[in-house]
Amino acid sequence: MAFGTTIRTWFDGTWHDGDVPVMRAADHGMWQGSSVFDGARRFEGVAPDLDKHCARVNRSAKALMLRPTMEVDQMVEIIREGLEGFAPDAAIYIRPMYWGIHGSELGLVPSESETGFAVCLEEVAMFAPDKTTTLTTTQFRRPVLDDSVCDAKAGCLYPNNARMLAEAQQKGFGNALVADAMGNVAESATSNVFMVKDGEVFTPVANGTFLSGITRARHIDNLARDGMHVHETVLTFDDFRDADEVFLSGNLTKVTPVTAFDDRSYQVGPVTRRVREMYWDWALSGG
């Protein structure tokens, strides 16, 4: 099922209009889950950190024992060519993807002899600046590297995120604030998370249980340039209950203010607004 509306797909050496088939029934990625992707954004005529997203999908492929077949510069060139098929002001979700095709003798280990690759461009509107969300807890936790491929943006990780999100939405909230294996806050079901207390900015330390996002790093850098240090540290649920501001950070929406965590309410505060302002200023200035 398509995520967006108008779609263009690069597969087998050329661009196609629409949501074209790219994977076969016996491909390793189909029945053994060896698929990875990344998500970048084009909005208001810019595609911030596109090269970093392309580099990460190659790292994700290696983490799943897949052989990347595209150089970063080559991937960026293909994507920019595909974006020319959309209106200049259209907001596009950019998704390069790899998957395994052949397996080992027992089927489990993907073969490096051939790797599937495609790029999907979908028109997906950016969230409005006043779009907010709410958080609650979930019974499900982020895995650790010992038992899952936490160092990759892998499709096989997302059913766990989906059940977190479904549980939160069934409780009447927009998203879930998720614990790591030790019971400390890791991220939300869909994005990295920040909190503000007494004018200081905090975010869970990248401990290997979640992807430390490209947009997360960009916010930390922008805040540093603005004279504000971000504390990457262990944070508990009580820390978030005691916070003054909370916001989510991810490629899809960049900055999403949080207005409640269970029965704790927040205002959309000055730091959250400043983080969004700085990101847009940085992006539209060409980085």
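Placed above this text is the structure.
Within each chain, residues carry numbers counting from 1 in the order of the written sequence. Selection of residues for local features in this predicted model requires a pLDDT of at least 70, selection of side-chain atom pairs for listing and counting requires 80 or more, and totals for whole chains, interfaces and linings are taken over all residues. Hydrogens and waters are ignored; side-chain quantities use all the structure's heavy atoms.

Some points on the packing of helix α5 (residues 214-225) against helix α7 (residues 270-284)
(1) Moving on: For helices, the fitted axis covers only the stretch in contact; all axes are lines through C-alpha atoms, and the angles between them, taken along N-to-C directions, range from 0 to 180 degrees. In this description a helix means any DSSP run of H or I spanning at least four residues, a strand means any run of E spanning at least two, and both kinds are numbered starting from the N terminus. Close contact between α5 and α7 brings their axes to 10 Å; oriented N to C, the two are set at 100°. As summarised for this structure, α5 and α7 are arranged roughly perpendicular, according to the angle between their axes. Contacts from T215, R218, H219, N222 and L223 in α5 reach V275, M278, Y279 and W282 in α7.
(2) Moving on: For the contact of α5 with α7, the class distribution of residues is five nonpolar, three polar and one charged. Angles are sorted into four bins: roughly parallel if under 35 degrees, roughly antiparallel if over 145, roughly perpendicular if 65 to 115, and oblique for all others. Between two residues, a contact is recorded if the distance between any of their heavy atoms is within 4.5 Å. Each residue receives one of three labels: charged for Asp, Glu, Lys and Arg, nonpolar for Ala, Val, Leu, Ile, Met, Phe, Trp, Tyr, Cys and Pro, and polar for the others, Gly being one of them.

With respect to helix α2 (residues 50-63)
(1) Moving on: Helix span is expected to be 1.5 Å times the residue number reduced by one. With 14 residues, α2 should reach 20 Å at 1.5 Å per residue; the first-to-last C-alpha distance of 20 Å fits that figure.
(2) Moving on: Taken residue by residue, α2 has L50, H53, C54, R56, V57, N58, S60 and A61 as its buried positions.
(3) Moving on: Buried positions along α2 lie against β3 (35-37), β4 (40-42), α3 (72-83), β5 (92-100) and α5.
(4) Moving on: One or two steps after α2, the chain reaches M65, where phi turns positive at roughly 65°. Only protein chains enter the calculation, and the probe is 1.4 Å; a residue is then buried if its accessible area is under 20% of its type maximum, exposed if over 50%, and partly exposed in between.

Considering the nonpolar core
(1) Moving on: L50, M75, I79, I94, Y98 and L121 are the most contacted members of the largest nonpolar core, which totals 28 residues.
(2) Moving on: Those elements giving two or more residues to this core turn out to be α2, α3, β5 and β6 (115-123).
(3) Moving on: When residues of this core are assigned to their parent elements, the largest contribution, five residues, is made by α3.
(4) Moving on: Setting aside its immediate chain neighbours within four residues, L50 contacts A40, V76, I79, R80 and I94. Buried residues of nine kinds, namely Ala, Val, Leu, Ile, Met, Phe, Trp, Tyr and Cys, make up a nonpolar core once their side-chain atoms join them within 4.5 Å.

Topic: the environment of N207
(1) Moving on: Positionally, N207 belongs in the loop between β11 (200-204) and α5.
(2) Moving on: Residue N207 is classed as partly exposed on the basis of its relative accessible area of 39%.
(3) Moving on: Pairing of N or O atoms within 3.5 Å defines a polar contact, subject to two protein rules: one partner must be a possible hydrogen donor and the other a possible acceptor, and residues neighboring in sequence count only if both atoms are side-chain atoms. Polar side-chain contacts of N207 include one of 2.9 Å to the side chain of D180.

So, the packing of α2 against α3
(1) Moving on: At a minimum axis distance of 9 Å, the contact between α2 and α3 shows a crossing angle of 125°. Regarding the angle of α2 to α3, the classification is oblique. Judged by the sense of rotation from one axis to the other, the crossing of α2 with α3 is right-handed. Of the residues in α3, those in contact with L50, D51, C54, A55, V57 and N58 of α2 are V72, M75, V76, I79 and R80.
(2) Moving on: Classifying every residue of the contact of α2 with α3 by side-chain character gives eight nonpolar, one polar and two charged. Each crossing gets its handedness from the near helix: less than a right angle anticlockwise from the far helix is left-handed, clockwise is right-handed.

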